[in-house]
Amino acid sequence: MHFLVRGFTALTLGLLISLPAVAEETPAPKAPEKAVAPLNPLLDACLKPGDQQEVISACTTAIESRQLKGDALASALFRRGLTQVQRAQAPAAANDFSAALKLTPDAVDVLFARASVYGAMKRHDLAIADYDALLKLVPGDPDSLYRRAWSRAALGRDDAAVQDLSELLAQAKGDVDALMDRGGLYLRLGKFKEAGADFSAIAKQDPKAAAAFYNRGRAGFLAGDFKAAAKDFAEAEKLRADNPYAALRRYLAAAQDLPKEKVPAKILTDALAKTALEQWPMPVLATLAGKMPEKDLLAATSVADKKVARRIEAEAHYYLGEAALLKKDAKAARAHFGVAAKGDRSLPEAIDAGWRLKQIP
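Computed from a predicted structure; not experimentally measured.

Leu248, Leu288 and Tyr319 are the most contacted members of the largest nonpolar core, which has 63 residues in total. The greatest single-element share of this core, amounting to eight residues, is contributed by helix H13 (residues 244-255). Here leucine 288 is in contact with Leu248, Tyr251, Leu252, Leu268, Tyr319 and Ala323, once residues within four sequence places are set aside. With 33 residues, the next largest nonpolar core counts Leu82, Val108, Ala113 and Val117 among its residues.

Here we come to unusual backbone geometry. Cis geometry marks the peptide bond from tryptophan 280 to proline 281; its omega dihedral reads 15°. One non-glycine residue, alanine 88, lies in the positive phi region at around 60°. Within the fold, alanine 88 resides in the loop between helix H3 (70-86) and helix H4 (90-103). Given the relative accessible area of 66%, alanine 88 is considered exposed. For lysine 122, which is not glycine, the phi dihedral falls at a positive 65°.

The next point concerns a positive patch on the surface. On the surface, Lys122, Lys306, Lys307 and Arg310 cluster together to form a positively charged patch. Examined against the element boundaries, lysine 122 turns out to sit in the loop between helix H5 (108-120) and helix H6 (124-137).

Here we come to the packing of H3 against H4. Two measures define how a pair of helices packs: the angle their axes make with one another and the distance between the axes. Two elements in contact, H3 and H4, have axes whose closest approach is 8 Å; the angle formed by their N-to-C orientations is 165°. Considered as vectors, H3 and H4 are oriented roughly antiparallel to each other. Crossing geometry of H3 relative to H4 is assigned as left-handed. On H4, the residues touching Gly70, Leu73, Ala74, Leu77, Phe78, Arg80, Gly81, Leu82, Gln84 and Val85 of H3 are Ala92, Ala93, Asp96, Phe97, Ala99, Ala100 and Leu103. Here the contact of H3 with H4 is built from residues that sort into twelve nonpolar, three polar and two charged.

What follows covers the pattern of salt bridges. Overall, the coordinates contain 20 salt bridges when judged by the stated rule. In this structure, arginine 188 engages aspartate 158 in a salt bridge whose closest nitrogen and oxygen atoms are separated by 2.8 Å. One end of the pair, arginine 188, is in helix H9 (residues 176-189); the other, aspartate 158, is in helix H8 (residues 158-171), with 30 residues separating them in the sequence. Taken as a pair, arginine 188 and aspartate 158 share a single burial class, namely buried. Three or more residues joined by partner-sharing salt bridges are found here, namely Asp132, Arg148, Arg152 and Asp164.

By definition, a disulfide is the covalent link that joins the sulfur atoms of two cysteine residues. This structure, assessed with the given rule, holds one disulfide. Paired through a disulfide, cysteine 46 and cysteine 59 show a sulfur-sulfur distance of 2.0 Å. Across the S-S bond linking cysteine 46 and cysteine 59, the dihedral sits near 85°, which makes this disulfide right-handed. Residue cysteine 46 is located in helix H1 (residues 41-47), and its partner cysteine 59 is located in helix H2 (residues 52-64); the two are separated by 13 residues in the primary sequence. You can call cysteine 46 buried: its relative accessible area is 0%. Taking the relative accessible area as the measure of exposure, cysteine 59 reaches 0% and is therefore buried.

A separate point is the packing of aromatic side chains. Throughout the structure, instances matching the rule amount to seven aromatic pairs. Ring centres of tyrosine 318 and tyrosine 319 lie 4.9 Å apart, and the angle between their planes is 75°; this geometry places the pair in the edge-to-face category. No difference in accessibility class separates tyrosine 318 from tyrosine 319, as the two residues are buried.

Right, let's talk about the packing of H4 against H5 for a bit. Where H4 meets H5, the axes come as close as 9 Å, and the angle between the chain directions of the two elements is 150°. Classified by the interaxial angle, the pair formed by H4 and H5 is roughly antiparallel. Crossing of H4 over H5 shows left-handed handedness. When H4 is examined against H5, the residues Ala90, Ala93, Ala94, Phe97, Ser98, Ala100 and Leu101 are found in contact with a partner set consisting of Val110, Leu111, Ala113, Arg114, Val117 and Tyr118. Broken down by class, the residue content of the contact of H4 with H5 amounts to eleven nonpolar, one polar and one charged.

Secondary-structure assignment places serine 116 in helix H5. Within the structure, serine 116 has its side chain in polar contact with the side chain of arginine 147 (distance 2.6 Å).

The next thing to look at is helix H19 (residues 348-359). Between its first and last C-alpha, H19 extends 17 Å over twelve residues, near the 16 Å set by a 1.5 Å rise per residue. Buried within H19 we find Glu349, Ala350, Ile351, Asp352, Ala353 and Arg356. Against the buried residues of H19 lie H9, helix H11 (210-222), H13, helix H17 (306-326) and helix H18 (330-340).

Turning our attention to the environment of valine 176. Looking at where valine 176 falls in the secondary structure, it is placed in helix H9. C-alpha separation for the pair valine 176 and alanine 203, spaced 27 residues apart in sequence, amounts to 9.6 Å. Those residues within four positions of valine 176 in sequence are excluded, and the remaining contacts are Ile202 and Gln205.

About the criteria used
Residues numbered from 1 in each chain as written. Predicted model: local features only at pLDDT ≥ 70, side-chain atom pairs only at ≥ 80, totals over all residues. Heavy atoms only, no water. Core = buried A, V, L, I, M, F, W, Y, C linked by side-chain atoms within 4.5 Å. Buried < 20%, exposed > 50% of the residue type's maximum accessible area, 1.4 Å probe, protein only. Helix = DSSP H or I, 4+ residues; strand = E, 2+ residues; numbered from the N terminus. Contact = heavy atoms within 4.5 Å. Patch = residues over 30% accessible without salt bridge, like charges linked within 9 Å, V, L, I, M, F, W, Y side chains within 5 Å. Areas by Shrake-Rupley, 256 points an atom, 1.4 Å probe, with all protein chains shown as cover. Salt bridge = Lys/Arg side-chain N within 4 Å of Asp/Glu carboxyl O. Lys, Arg positive; Asp, Glu negative; His and termini not counted. Charge placed at Lys NZ, Arg CZ, Asp CG, Glu CD. Axes fitted to C-alpha atoms, helices over the stretch in contact; angles between N-to-C directions. Parallel < 35°, antiparallel > 145°, perpendicular 65-115°, else oblique. Left-handed = near helix turned anticlockwise from the far one by under 90°. Nonpolar A, V, L, I, M, F, W, Y, C, P; charged D, E, K, R; others polar. Disulfide = S-S within 2.5 Å. Phe/Tyr/Trp six-rings, centres within 6.5 Å; stacked < 30°, edge-to-face > 60°. Polar contact = N/O pair within 3.5 Å; in protein donor to acceptor, adjacent residues only side chain to side chain. Expected span 1.5 Å × (residues − 1).

Dropping the structure here:
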């Protein structure tokens, strides 16, 4: 992926402060290539390398001195903001970046930094506004397109996120991250053929990309191509033997068109043998293999961490819904899929449950 060339516009300091990633260590300013006016000593101290507390202290002194104006003051605010990001002080960083932008409204490096911080703060509406401004200044910038897509998707604007990723991929056709994310969005949108194509593009680049085969299997399964799905899940399981979800999915795909007595239970028993008793989704494997009652599986989802509990509850109900369909119990399947579909919209089982719910006759 290409990177945005970030630098203050009309910078009189003769310095370029780069921002490879918001959370990385701030690099020292590069030495000017030609003679420039000497820096204010306070700004010089702010821009010098140092530990986080030293930088914060030096930049605060420079900012509060009232000796800096314009680009010089913006530079001090920017440097302090970057250091606040490193200290996990996102609101303070956003405030510094906003103050810098009042002085240099078209500073793309500061816009990018503030947009990234807003995204981390889940203020996606504000992040999108900054990326919109950035893309007017640097049309087609891949970094801004990628991160705007992420914020748009977080707000449920999946179609718009796909447009951003498609524009990015028009420049960098093999960008694996963009392909993976667009494929995931296509799954959420019910565009299973398009999702499969994106995951196939990844698998072609990297035949050892287990996630590509796993997600292509999901796309095939939801499209009703269970044979192809089972093959993809088997490949994912081969590449990631420590991931029991591939075995679960392979079992479900292989069992779709088979009579009950021919359902390949060995897939589950083999996965159980490789899964620790305390490891999730061991209870799911055990339940589908007939070694644990459903009520015990649901009881196992009651854990102290509420976020984890919501995730594994959704997963449990998705797999119980699939098991109910195998038993031709559409009523139970609807009930389980209905619960699972209420899970986090980024969870594969919640996404798949929503589409399976619509597919039940």
